[in-house]
Amino acid sequence: MGDDRAAVLFVTDLAYPARGRRYGDEDVFLTSRLRAEFDLALCHPCDAAALMGGFDAVVVRNSGPVLLYREQYEEFRRRALAGGVRVYNPLTGRGDMAGKGYLTELTAAGFPVIPTVDRPADADRLPVVDRYVVKPREGADSIGLSVVGRPELAGLSWAGVLVQPLVDFRYEVSFYFVDDAFQYALYAPDPERRWELTPYEPSVADLAFARGFIGWNTLDRGIQRVDACRTAAGELLLVELEDLNPYLSLDAVPVERRDAFVAATIASLHGFLREPGPTRAE
């Protein structure tokens, strides 16, 4: 098919029971707008590997935590890379797409991120606090997350986990990008209500903070969300860089910003389809 009516497989789990979010509603809205430009079919992430061969591109959206269907996701990645399938976001992301190990890399490189280590030999690099967060390296949606006291670190099993200090923060804020272009920001004024979001007008410094991580990730195409927390001291620290299937909270976005986001996504997809496809893996 020509790019003017490319066939797109849109991967989503419409029934995933996300806490505080309505995956299905968001993707029904987004696909209703994308249909004006593309021939669309929706499928569950567990069916993507079997179906993707008949489409010009695969768009991965609200597909739920990969750890709930790890085997099927790895098969999808393997077959997409082997077959040179166009996947949006591209499968080269360095953020959550590759697991949360990037947090230790960013910590070591001096980026403004919640200090993160993944082995007991580095525990002394963490600030001394009363409590620490232990999260799976391959975790998502707070699945498997626990909080421990400092004395418990000595007996912790470090296999497959990351350890961070429990940060005292004022609020969490998320910055949303299409390709490298900032679209909007949302924040949760109440730290106890993470998904009760309201529009946030970022400062020049805030945007420089977020753009630093977008630049580090080096994804030329795709939708990314930079999640951060504002500490009691006033600085922003990265919580996560979501580059696989970031929920967009479009229901909290003013209509004009939402329309601009959709237009940017459509333009990005058209550009993505015009570019040379990925090389087939040998």
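The structure this text deals with has already been given above.
Residues numbered from 1 in each chain as written. Predicted model: local features only at pLDDT ≥ 70, side-chain atom pairs only at ≥ 80, totals over all residues. Heavy atoms only, no water.

**Structural notes on the pattern of salt bridges**
Right, so step 1: This model, assessed by the stated rule, comprises 22 salt bridges.
Right, so step 2: Residue Asp259 pairs with Arg33 through a salt bridge whose shortest N-O separation is 3.2 Å. Here Asp259, found in helix H6 (residues 255-274), pairs with Arg33, found in helix H1 (residues 23-34); they are 226 residues apart in sequence, far enough to count as distant.
Right, so step 3: A salt bridge links Arg79 to Glu75; the nearest nitrogen and oxygen atoms lie 3.9 Å apart. Taken together, the residues span about one helical turn, with Arg79 and Glu75 both in helix H3 (residues 70-83) at a distance of 4 residues.
Right, so step 4: The partly exposed category is assigned to Arg79, whose relative accessible area is 36%.
Right, so step 5: In this structure, a network of salt bridges that share partners links the residues Asp96, Lys100, Glu172, Arg194, Arg225, Asp227 and Glu240. (Salt bridge = Lys/Arg side-chain N within 4 Å of Asp/Glu carboxyl O. Helix = DSSP H or I, 4+ residues; strand = E, 2+ residues; numbered from the N terminus. Buried < 20%, exposed > 50% of the residue type's maximum accessible area, 1.4 Å probe, protein only.)

**Remarks on the sheet that holds strand S5 (residues 131-136)**
Right, so step 1: Taking strand neighbours across the sheet as the criterion, the 3 strands line up as S6-S5-S7 in an open arrangement whose pairing is antiparallel. Only two strands of the sheet have a single partner each, and these edge strands are strand S6 (146-149) and strand S7 (161-165). Direction aside, the axes of adjacent strands within the sheet are offset by 30° on average.
Right, so step 2: Examined bridge by bridge, S5 and S6 share 4 bridges and lie antiparallel to one another. Residue Val133 lies in a different strand from S6, and its bridge partner there is Val147. (Pairing = 2+ DSSP bridges. Axes fitted to C-alpha atoms, helices over the stretch in contact; angles between N-to-C directions.)

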